[in-house]
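The residues making up each chain are set out below.
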Amino acid sequence: MNIVLLGPPGAGKGTQSRIIQDKYHLVHISTGDMCRDEVKRASPIGKEIQQIIDSGRFPSDEIILSLFENHLIELKGQGVILDGIPRTLNQAQKIKEIFARLDRTLDGVIQIAVKDEELIQRLSHRYICRNCGASYTEEIHPHVQGVCDKCSSHDFFRRPDDEPDAIRTRLEVYNEQTKPLIKFYAEEGKLKVIDGMGSVEAVTAEIESHLSEFQVLTSKSGCLYSAQDI
Ligand SMILES: [Zn+2]
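Residues numbered from 1 in each chain as written. Predicted model: local features only at pLDDT ≥ 70, side-chain atom pairs only at ≥ 80, totals over all residues.

1. Structural notes on the sheet that holds strand E6 (residues 135-136)
What holds strands together in a sheet is hydrogen bonding between their backbones, with the strands either parallel or antiparallel.
Consideration 1: Ordered by their spatial adjacency, 3 strands build an open sheet running E6-E5-E7, and the pairing between neighbours is antiparallel. Two strands lie at the open edges of the sheet, namely E6 and strand E7 (156-157), each paired on one side alone.
Consideration 2: Sheet topology note: the strand E5 (residues 127-129)/E7 ladder contains 2 bridges and is antiparallel. Bridged to Ile128 within E7 is Phe157. (Pairing = 2+ DSSP bridges. Helix = DSSP H or I, 4+ residues; strand = E, 2+ residues; numbered from the N terminus.)

This is the structure in structure tokens:
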């Protein structure tokens, strides 16, 4: 099963991805993690990414998509959950081509909808692990206070752009960028919109109801995945 999670910053994509990947044996792919891994490995592309980030820019679609395709090739047939990618219509179209090349099917796209005011509230309490990028809020805190669940680091920071005024600007940019993306997936018949205002458990339950729907559709269309694939 291959799915995309869409949602504004603070909607809980990272948290939900971690829950879903364990339950469904999917590999969680986020652009942040992919870039951090390359930088850590000090690969040629990693060095290029470091330079781009140091100069205050973001890696181009071309870099992100080539990392993404290589990563998918390494995973062979294993299912994936995409978080933070695609971010633009161009990326979505390119991902469709990559999937076709690698003989993968995108089963569905789940958009987690949360009101702007709620996002501002959540992000103004968010802190992030400096080592692995995992993010936490007042509601979703590490199991052991001050220790990252994912990598055991003790080093957390707050993003300067998580302050309310900066968040408003980021949300405007996000909404502008993703409108065409959402239209694209709606026209492809792949989009499911869920209410992200509830508790973590309620949102997970809603996502899972769609996942079982995707599985039924996939098996009906004649390309049932073996247990190994999902
Ligand atoms: Zn961490």
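2. A look at the packing of helix H4 (residues 61-75) against helix H5 (residues 89-101)
Consideration 1: At a closest axis distance of 11 Å, the pairing of H4 and H5 adopts a crossing angle of 30°. Compared by their axis directions, H4 and H5 come out roughly parallel. Remark: the crossing between H4 and H5 carries right-handed chirality. The segment H4 lies against H5, with Asp61, Leu65, Phe68, Glu69 and Leu72 engaging Asn90, Gln91, Lys94 and Ile98.
Consideration 2: The class makeup of the residues in the contact of H4 with H5 is 4 nonpolar, 2 polar and 3 charged. (Axes fitted to C-alpha atoms, helices over the stretch in contact; angles between N-to-C directions. Parallel < 35°, antiparallel > 145°, perpendicular 65-115°, else oblique. Left-handed = near helix turned anticlockwise from the far one by under 90°. Contact = placed C-beta atoms within 7 Å. Nonpolar A, V, L, I, M, F, W, Y, C, P; charged D, E, K, R; others polar.)

3. Let's talk about the environment of Phe156
Consideration 1: With respect to the helices and strands, Phe156 occurs in strand E7.
Consideration 2: Spatially, the C-alpha atom of Phe156 lies 5.3 Å from that of Ile128, the residues being 28 residues apart in sequence.
Consideration 3: With residues near it in sequence (within four places) discarded, Phe156 still touches Tyr127, Ile128, Cys129 and Arg130.

4. A few points about the nonpolar core
Consideration 1: Membership of the largest hydrophobic core comes to 38 residues, with the highest contact counts inside it found for Ile3, Leu5 and Ile110.
Consideration 2: The biggest single contributor to this core is H4, with 5 residues.
Consideration 3: Excluding anything up to four places from it in sequence, Leu5 contacts Lys13, Gln16, Ser17, Ile81, Leu82, Asp83, Ile110 and Ile112. (Core = buried A, V, L, I, M, F, W, Y, C linked by C-beta atoms within 7 Å. Buried ≥ 20, exposed ≤ 12 C-beta atoms within 10 Å, placed from the backbone.)

5. Digging into the pairing of strand E4 (residues 108-113)
Consideration 1: Counting buried residues in E4 gives 5 out of 6 residues, a clear majority hidden from the surface.
Consideration 2: With 4 bridges joining them, strand E1 (residues 2-6) and E4 adopt parallel strand pairing. From the neighbouring strand, Ile3 faces E4, where its bridge partner is Gly108.
Consideration 3: With 5 bridges connecting them, E4 and strand E8 (residues 191-195) associate as parallel partners. Among the inter-strand pairings, Ile110 is bridged to a residue of E8, identified as Lys192.

That is the geometry; function is a separate question.
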